[in-house]
Amino acid sequence: FDSIVRIGRIPAPLAITATFEGTARRWDLQTGEITAEVILPAAPTFGRVNESNGVDFAWRDEQSTALHLLNFETGEDKVIALLDGEYIQALLPTPDATAILAVHRGETPDITAWVTATGERIVLGDYDTSVCSRVPDMIQLARNGSRLVIGCDTGFQVWEISE
């Protein structure tokens, strides 16, 4: 009842909610139980959990101050990069959480990766805006992390991701 947001685009049975005070909760929707709870320095209003294990949660706060990686098992929350207010439309951690991918930073149609161990930012390039007449609706990685699919209002694009 104290949650202010359910962080979207996370497939069932997982759900992530946050309170105004910054408590992030991972839920099992099949049982209705909270499976993890961590108090964060700010409320995560946008993010994506690693759907293969439900452990690693890439998130940003409402003001896009910083990009974080939370491990729900250990409770460790690590600041990966300062965003300085730069909005990110879609993000997700790789299956092994060694990188966080972001699609459409600020007003640019780019694809960016941050190495979680170092915070190094790698700009992978721009997605094809002729296929997307607005910002992407959804991004998804292949289970092994080798392909990124960007879903748009008029179709989708597939990107190959290398080491």
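Anyway, here's the lowdown on the structure attached to this text. (Residues numbered from 1 in each chain as written. Predicted model: local features only at pLDDT ≥ 70, side-chain atom pairs only at ≥ 80, totals over all residues. Heavy atoms only, no water.)

Looking at the overall build of the chain
Heads up, the rule is: Numbering of helices and strands runs from the N terminus; a helix is a DSSP stretch of H or I covering at least four residues, while a strand is a stretch of E covering at least two. For this measure, only C-alpha atoms enter the radius of gyration; the expected value for a globule follows 2.2 Å times N^0.38, where N is the number of residues. For every residue, the accessible area obtained with a 1.4 Å probe (protein chains only) is divided by the maximum for its type, and the residue is called buried under 20%, exposed over 50%, and partly exposed between those limits. Here a residue-residue contact requires only that any non-hydrogen atoms of the pair lie within 4.5 Å. Computed with the Shrake-Rupley method and a 1.4 Å probe, the accessible areas treat only the protein chains shown as cover for residues. In this charge count, Lys and Arg are treated as positive and Asp and Glu as negative; neither His nor the chain ends contribute. Every charge is mapped to an atom, namely NZ of Lys, CZ of Arg, CG of Asp or CD of Glu.
Across its full length, the chain holds 0 helices and 15 strands. Compactness check: the chain gives a C-alpha radius of gyration of 15 Å against a globular reference of 15 Å for 163 residues, within 12% of the reference. Across its three principal axes, the chain shows a C-alpha extent of roughly 45 × 35 × 30 Å. Counting every position in the chain, which comprises 163 residues, the buried fraction comes to 48%. Partitioning the contacts of the chain with sequence separation of at least 6, the portion at a separation of at least 24 is 31%. Summed over all atoms, the accessible surface of the chain reaches about 8,400 Å², with 52% contributed by carbon and sulfur. Of the side chains in the chain, 12 bear a positive and 24 a negative charge, and the two mean positions are spaced by 4 Å.

Some details on the pattern of salt bridges
Under the convention used in this document: A side-chain nitrogen of Lys or Arg and a carboxyl oxygen of Asp or Glu constitute a salt bridge if their distance falls within 4 Å.
As enumerated under the stated definition, the model contains 9 salt bridges in all. Between D2 and R25 there is a salt bridge; the shortest N-O distance is 2.9 Å. In this pair, D2 sits in the segment before β1 (3-7) while R25 sits in strand β3 (residues 23-28), placing the two residues 23 residues apart along the sequence. Judged by its relative accessible area of 41%, D2 falls in the partly exposed class. In this structure, the salt-bridge partner of E37 is R25, at a minimum N-O distance of 2.7 Å. Note that E37 is positioned in strand β4 (residues 33-39) and R25 in strand β3, a separation of 12 residues in sequence. By relative accessible area, which is 48% here, E37 ends up partly exposed. Overall, the relative accessible area of 12% leaves R25 in the buried class. Here the residues in one salt-bridge network are D2, R25 and E37, joined through shared partners.

Focus on the sheet that holds strand β15 (residues 155-160)
Definition in use: We call two strands paired when DSSP finds no fewer than two bridges between them. Lines are fitted to the C-alpha atoms to define the axes, a helix being fitted only along its stretch in contact, and any angle between axes, read from their N-to-C directions, falls within 0 to 180 degrees.
Strand order in this open sheet of 3 strands is β13-β14-β15, and the pairing throughout is antiparallel. Each end of this open sheet is capped by a strand with a single partner; those strands are β13 (138-141) and β15. Each neighbouring strand pair of the sheet contributes to a mean axis angle of 20°, computed without reference to strand direction.

Details of the sheet that holds strand β8 (residues 77-82)
Strand order in the open sheet formed by 4 strands is β5-β6-β7-β8, with antiparallel pairing between adjacent strands. Since the sheet does not close on itself, it has two edges, and those belong to β5 (44-49) and β8, each with one partner. Looking at each pair of strands side by side, their axes are set apart by 25° on average, direction ignored. Note: strand β6 (residues 56-61) against strand β7 (residues 66-71), 5 bridges, orientation antiparallel. Each residue of the ladder has a partner; that of A58, found in β7, is L69.

Looking at the nonpolar core
As a reminder, the rule being used: Residues belong to a common nonpolar core when they are buried Ala, Val, Leu, Ile, Met, Phe, Trp, Tyr or Cys residues joined through side-chain atoms within 4.5 Å.
Membership of the largest hydrophobic core comes to 14 residues, with the highest contact counts inside it found for V103, I111, Y127, I139, L148 and I150. Elements with a contribution of two residues or more to this core: β9 (88-93), β10 (99-105), β11 (110-115), β13 and β14 (147-152). By residue number, the principal contributor to this core is β14, which donates 3 residues.

Structural notes on the pairing of β14
A regular strand places its side chains on the two faces of the sheet in alternate fashion. Sheet topology note: the β13/β14 ladder contains 4 bridges and is antiparallel. What sits directly across from I139, in β14, is I150. The hairpin formed by β13 and β14 contains 5 residues between the paired strands, and G145 there has a positive phi angle of roughly 80°. Joining the antiparallel neighbours β14 and β15 is a turn of 2 residues.

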